[in-house]
Amino acid sequence: GPTLYLQPGDRLQVRLANDLDAPTNLHVHGLHVSPLDNGDNVFVVVEPGESFDYDYRLPADHPPGAYWYHPHHHGMVADQVFGGLYGAIVVGDPEPVAVARERVLVISDLTLDGSGRVASPSEMARMAGREGERVLINGQSRPVLTARPGERERWRIVNACSARYVRLRLDGQQLQLLGVDSGRYPEPRDVNEIVLATGNRADLLVTAAEGSSVLESLPYDRGGMGDMMGGGSTSSGGGAIALATLDVAGAAVAALPPVAAQPAPRDLRGLTVAGRRELTFAMGMGMGMGGGMQATIDGKVFDPGRVDQAVRLGTVEEWTLTNASSMDHPVHLHVWPMQVIAEGNQPLDDVTLRDVVNIPPGGRVTVRVAFDRYPGRTVYHCHILDHEDNGMMGVLTAT
Ligand code: C2O
Ligand code: CU
Ligand code: CU
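Analysis parameters
Residues numbered from 1 in each chain as written. Chains lettered and ligands numbered in written order. Predicted model: local features only at pLDDT ≥ 70, side-chain atom pairs only at ≥ 80, totals over all residues. Heavy atoms only, no water. Helix = DSSP H or I, 4+ residues; strand = E, 2+ residues; numbered from the N terminus. Contact = heavy atoms within 4.5 Å. Buried < 20%, exposed > 50% of the residue type's maximum accessible area, 1.4 Å probe, protein only. Pairing = 2+ DSSP bridges. Donors = N, O, S within 2.8 Å, 3.2 Å for Na, K, Ca; no water. Axes fitted to C-alpha atoms, helices over the stretch in contact; angles between N-to-C directions. Core = buried A, V, L, I, M, F, W, Y, C linked by side-chain atoms within 4.5 Å. Phe/Tyr/Trp six-rings, centres within 6.5 Å; stacked < 30°, edge-to-face > 60°. Lys NZ or Arg CZ within 6 Å of the ring centre and 35° of its normal.

Chemist: Explain the environment of V42 here, please?
Modeler: Within the element layout of this structure, V42 appears in the loop between strand 3 (27-29) and strand 4 (51-57). Along the chain, V42 and H73 lie 31 residues apart, while their C-alpha atoms are 6.9 Å from each other. Other than its neighbours up to four places away in sequence, V42 contacts N25, H27, H72, H334 and V379.

Chemist: Help me out: how do you make sense of the pairing of strand 21 (residues 315-323) in this one?
Modeler: Working note: regular strand, side chains alternate between the two faces of the sheet. Of all nine residues in strand 21, nine are buried, a share of seventy percent or more. The alternating pattern of strand 21 places T315, E317, W319, L321 and N323 on one face and V316, E318, T320 and T322 on the opposite face, and all of these are buried. One ladder, built from eight bridges, connects strand 18 (residues 273-285) with strand 21; its direction is parallel. Bridge assignment links G275 to a residue of strand 21, and that residue is E317. As paired elements, strand 21 and strand 26 (residues 364-371) share eight bridges and run antiparallel to each other. By the bridge assignment for strand 26, W319 is matched with V367.

Chemist: Can you walk me through the coordination of the copper ion (ligand 2) in this structure?
Modeler: Here the copper ion (ligand 2) is held by the protein donor atoms H27 (NE2) and H332 (NE2), which lie 1.9 Å from it. Of this pair, H27 sits in strand 3 while H332 is found in strand 22 (residues 329-333), placing the two residues 305 residues apart along the sequence. We classify H332 as buried; its relative accessible area is 0%.

Chemist: Hey, could you run me through the sheet that holds strand 23 (residues 338-343) in this one?
Modeler: Note: strands within a sheet are paired through backbone hydrogen bonds, in either parallel or antiparallel orientation. Sheet architecture is open: six strands sit in the order 19-18-21-26-23-24, paired in mixed fashion. Since the sheet does not close on itself, it has two edges, and those belong to strand 19 (293-297) and strand 24 (346-354), each with one partner. Direction aside, neighbouring strands of the sheet carry axes that sit 20° apart on average. When strand 18 meets strand 19, the two strands line up antiparallel, connected through five bridges. What sits directly across from A282, in strand 19, is T296.

Chemist: Hey, could you run me through the environment of G344 in this one?
Modeler: Relative to the assigned elements, G344 resides in the loop between strand 23 and strand 24. Judged by relative accessible area, which is 24%, G344 ranks as partly exposed. In this structure, the C-alpha to C-alpha distance between G344 and I359, residues 15 residues apart in sequence, is 9.5 Å.

Chemist: Got a minute to help me understand unusual backbone geometry in this structure?
Modeler: Excluding glycine, a negative phi dihedral is what most residues carry, and trans is how most peptide bonds are arranged. In this structure, V335 is a non-glycine residue whose phi angle is positive, near 70°. Looking at where V335 falls in the secondary structure, it is placed in the loop between strand 22 and strand 23. Owing to a relative accessible area of 4%, V335 belongs among the buried residues under this scheme. Residue R373 is not a glycine yet carries a positive backbone phi of 75°. Note on placement: R373 falls in the loop between strand 26 and strand 27 (376-382). For R373, a relative accessible area of 43% translates into the label partly exposed.

Chemist: When you look at the nonpolar core in this model, what are you seeing that I'm missing?
Modeler: It is characteristic of soluble globular proteins that their nonpolar side chains tend to be buried jointly. Judged by nonpolar contacts, the single largest core of 38 residues is most densely connected at W319, L321, L333, W336, V367, F371 and L396. Element by element, the count of residues in this core is highest for strand 26, at four residues. Ignoring anything within four residues of it in the chain, the contact list for L321 reads L279, F281, V331, I359, G363, R364, V365 and V367. By size, the runner-up hydrophobic cluster in this structure holds 28 residues, among which are L145, A147, I194 and A202.

Chemist: What should I look at first to understand the coordination of the copper ion (ligand 3) in this one?
Modeler: Looking at the metal site, the copper ion (ligand 3) is ligated by H329 (ND1), C382 (SG) and H387 (ND1), spaced 2.0 to 2.1 Å from it. Here the donor residues of the copper ion (ligand 3) share one chain and are spaced in sequence as H-x52-C-x4-H.

Chemist: Can you walk me through the packing of aromatic side chains in this structure?
Modeler: How two aromatic rings sit relative to each other is given by the distance of their centres and the angle of their planes. Applying the stated criterion across every chain, the model contains six aromatic pairs. The interplanar angle of 15° and the centroid separation of 4.6 Å between the aromatic rings of Y165 and Y220 together place this pair among those described as stacked. One end of the pair, Y165, is in the loop between strand 10 (152-159) and strand 11 (166-170); the other, Y220, is in the loop between strand 16 (211-218) and strand 17 (241-248), with 55 residues separating them in the sequence. Both residues of the pair, Y165 and Y220, belong to the buried class. Measuring from centroid to centroid gives 5.0 Å for W336 and F371, while their planes differ by 70°, and the two rings are edge-to-face. Taken together, the positions of W336 in the loop between strand 22 and strand 23 and F371 in strand 26 put the pair 35 residues apart, joining distant regions of the chain. Taken individually, W336 and F371 each receive the classification buried, so the pair is uniform in this respect. Here the aromatic cluster, defined as three or more aromatic residues joined through ring pairs, consists of W319, W336, F371 and Y380. One cation-aromatic arrangement involves R130 over F82; the distance from NZ or CZ to the ring centre is 5.5 Å. We note R189 situated over the ring of Y185; from NZ or CZ to the ring centre the distance is 3.8 Å.

Now the structure itself:
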């Protein structure tokens, strides 16, 4: 899909016309906008042949950064995203960062069958979360990017894969991370690699050095089904995957001045906590009809008619996210960013904002959320989209 460029304070109106033969809808992942009515409302169902007008109003203080959009009709999200329905959203900086150019790199994966159609995954792949055989950048296989020595570029990288995690490297080039999701670091951080779970975005500065470098995704082990189902594994194993080539040649350009410091984000650790909750993510054999694998939160599969968490608007809560399974679950909350305050027993020093937070097998991550501004009903879920379609999603109301 097209990249949507917005500024804080903008109003975005989108008509979604459903030419599929299945129901669908639209979600603006990571945007801090209302979940009511024709806002970021994932309970809307747009039937085949119908259309729906979405209307999103970004607040004037909306965090700049990279976001994205994709369908969110429960039960079909993985099929539709894996089939190519997604696009990037860029919310510009009030004070632009000086760069020679900006690029949007949307990473996706897919598997094609013998006739060139998107292949349906096996049951096993659905349980683990499907990973495509091909990993693409903006729908292209191994594009070549060019720059001149000394040029500073800004790369907005979106992991739009349905389940695949990417561990990115671009050896030979200078990388500085401005932030991840809507979280911006006060100063850019020098990095060698970046791990993005499905749904995460990186906002990256690349200062080009002469030569040719390969943007690679290294293997990431996100666990497997353990003893269940014969140990179906998640396949981010194997070797490094080349995603793109950056060729840097020509006359060198003068270096740009360092990036100005960003305003320090609010730290929720200084605030009163109105509620503490513990959420447990698990995979198990269902007891009910069919008895297949179920992906659950607190032992329950998604029910749009149930409210799982009722929060008070204007309060800060602390949630402990626990993973009782043998594979990673990247936990996503709509509308409000999460501040990660501890990983296991290890408190974090800095202010780390994410809208997708990875919980490793057997692990536990503590986050705080300020439920401000927007009343309504929305969801939180595992962003391995097959898990979400399998039931690993809950309903939250803010009143
Ligand atoms: Cu990227 Cu609830 O989604
Ligand atoms: Cu989302
Ligand atoms: Cu999951």
